[in-house]
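Fold and geometry: a report
What follows is each chain in one-letter form.
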Amino acid sequence: MNREDSVRRHSSTRELGPSDLALMSIEQHSPAYSATPSTPRYEMFSNCTFGPSIYGQMKYKNLGKSGLKVPLIAMGAWNAFGGRLSEHVAEELITTAYENGVNYFDTGDAFVNGRCEVLLGSIIKKRGWLRNTFIISTKLFWNTGPSYTGPNSSLSRKMLIESLESSLRRLQLRYVDIVIINKLDNMCPMEEIVRAMAYIIDRGLALYWGTSRWSPTHIMEAFSIARQFNCPPPTCEQMEYHMFNRDKMEIYMPELHHKLGIGSMIWSPFSMNSDDGIGLISRTSLKVEQKFSSKITELNPIFSKLSCDISQFTIAWILKNENVDCVFISPRNLDQLYLLLNSLKLLPKLNSASLDEVERILDNRPSVRKANPGQNSRGDVPNNGSGPEAISSKPREMTIHL
């Protein structure tokens, strides 16, 4: 007796759970993708990879050097999720994503002033999924949203603990898998932050903690203090990374990944569909398409050759970086969800020739060079009065003192 027959034989005596459904095969001619299979508008996806299987064709990676496995594509429940979508559409998106292996959902307490957490929590409770089948992370914004208390607001131990407890009430969960601190408070000692995270993890309110919009230097400092006082170190950094924003991810994060085990969770205005929540993190990123419209126009022939759009290509391009663990998406409907999920099909097509052509058009690859003894901190050679200052001819080149 095979596993499928075993599941069907026992289904008459108990209700099937998600783990049981994952064992059952999908009929070859069943309608693809739709959360409501009878809906004909999803027939356009009948030749695509993703279907109604619980885990489908999704791939998973360890988050940094932790044991937590996350999908290559995760759902971002940001402003659009709680502000623009109806409860029915939001539930349909979350459910369909979960059924296609996207079992990681990221949100934050400042997105629509906490409404995103409330909506995500109610959907999860309504669906009745087993807690060990999905991952939840939430960001704590100390300078905006429900956590902001006015001029005296800070990234203190008091704020961190009380804000996370409030988020858990909105999410209707006993714990979150990852709590992320958005933006460092320079007036708060790093030791206080690290010890507060250790307290939160010891109490079981979160399993891991990470950072967002932290500089590599501050991540290193937090890691060192955590090791000094035997506290859990940060596990990941959530950051912006795409074809037009590359320095941090390609220059600094590889070292943090290989030496400290820091994972990289990526968002971009293209994968996030220009979500309004990006404005809470980076106001300039919402205008990236306008700023680099000429470069995008040059890339259009490559998009046409690969039969994709810029959002699909961006996701695939990001995932070609071996130090990236997952990419967040923010679809507005099921059509967009399947479109973004099938970005994984582009990975085998992005060969070295295609990537070289992209690099030729972008012409913005970050580089690192050793500073000469006569150079100052900017990499300039001091003027000795015999001529103009000698500066690098490559505007994207960055100087790192090794």
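Okay, so let's go over this structure.

How each quantity is defined
- Residues numbered from 1 in each chain as written.
- Predicted model: local features only at pLDDT ≥ 70, side-chain atom pairs only at ≥ 80, totals over all residues.
- Heavy atoms only, no water.
- 1 Å grid on protein atoms, 1.4 Å probe; cavity = no way out; pocket = protein on both sides within 12 Å on 5 of 7 lines; lining within 4 Å.
- Points joined across faces, edges and corners; volume = space filled by probe spheres on them.
- Helix = DSSP H or I, 4+ residues; strand = E, 2+ residues; numbered from the N terminus.
- Buried < 20%, exposed > 50% of the residue type's maximum accessible area, 1.4 Å probe, protein only.
- Contact = heavy atoms within 4.5 Å.
- Pairing = 2+ DSSP bridges.
- Right-handed = clockwise from strand over helix to strand, strands pointing away.
- Salt bridge = Lys/Arg side-chain N within 4 Å of Asp/Glu carboxyl O.

Some remarks on empty space enclosed by the protein
Applying the stated criterion to the full structure yields one cavity of 30 Å³ or more. Every residue lining the largest cavity is listed: Met 75, Gly 76, Phe 81, Leu 85, Leu 93, Ser 330 and Pro 331.

Description of the side chain of Ser 163
Within the element layout of this structure, Ser 163 appears in helix H6 (residues 157-171). Judged by its relative accessible area of 8%, Ser 163 is buried. Setting aside anything within four residues of it in sequence, one finds Ser 163 in contact with Asp 109, Leu 140 and Ser 147.

Some details on the pairing of strand E5 (residues 135-141)
Across the seven residues of E5, seven count as buried, placing the element largely inside the fold. Of the two faces of E5, the one holding Ile 135, Ser 137, Lys 139 and Phe 141 and the one holding Ile 136, Thr 138 and Leu 140 are both buried throughout. Sheet analysis places strand E4 (residues 104-108) next to E5, joined by five bridges and oriented parallel. Within the sheet, the bridge partner assigned to Gly 108 lies in E5 and is Lys 139. Between E4 and its parallel partner E5, the chain crosses via helix H5 (residues 115-127), and the hand of that crossover is right-handed. For E5 and strand E6 (residues 176-182), the ladder comprises five bridges, and the chain directions are parallel. When the sheet's bridge partners are listed, Leu 140 is paired in E6 with Ile 181.

Here we look at the pattern of salt bridges
Enumeration according to the criterion identifies 15 salt bridges in this entry. Of the charged contacts in the structure, one is a salt bridge between Asp 106 and Lys 139, with a shortest N-O distance of 2.6 Å. Of the two residues, Asp 106 sits in strand E4 while Lys 139 sits in strand E5, which places them 33 residues apart along the sequence. One exposure class covers both Asp 106 and Lys 139, and it is buried. In this structure, the salt-bridge partner of Arg 246 is Glu 359, at a minimum N-O distance of 2.8 Å. Of this pair, Arg 246 sits in the loop between strand E8 (236-240) and helix H9 (247-260) while Glu 359 sits in helix H14 (residues 352-362), and the two are 113 residues apart along the sequence. With respect to class, Arg 246 is no different from Glu 359; both count as buried. Bridged by salt links that share partners, the residues Arg 246, Glu 250, Glu 359 and Arg 365 form one connected network.

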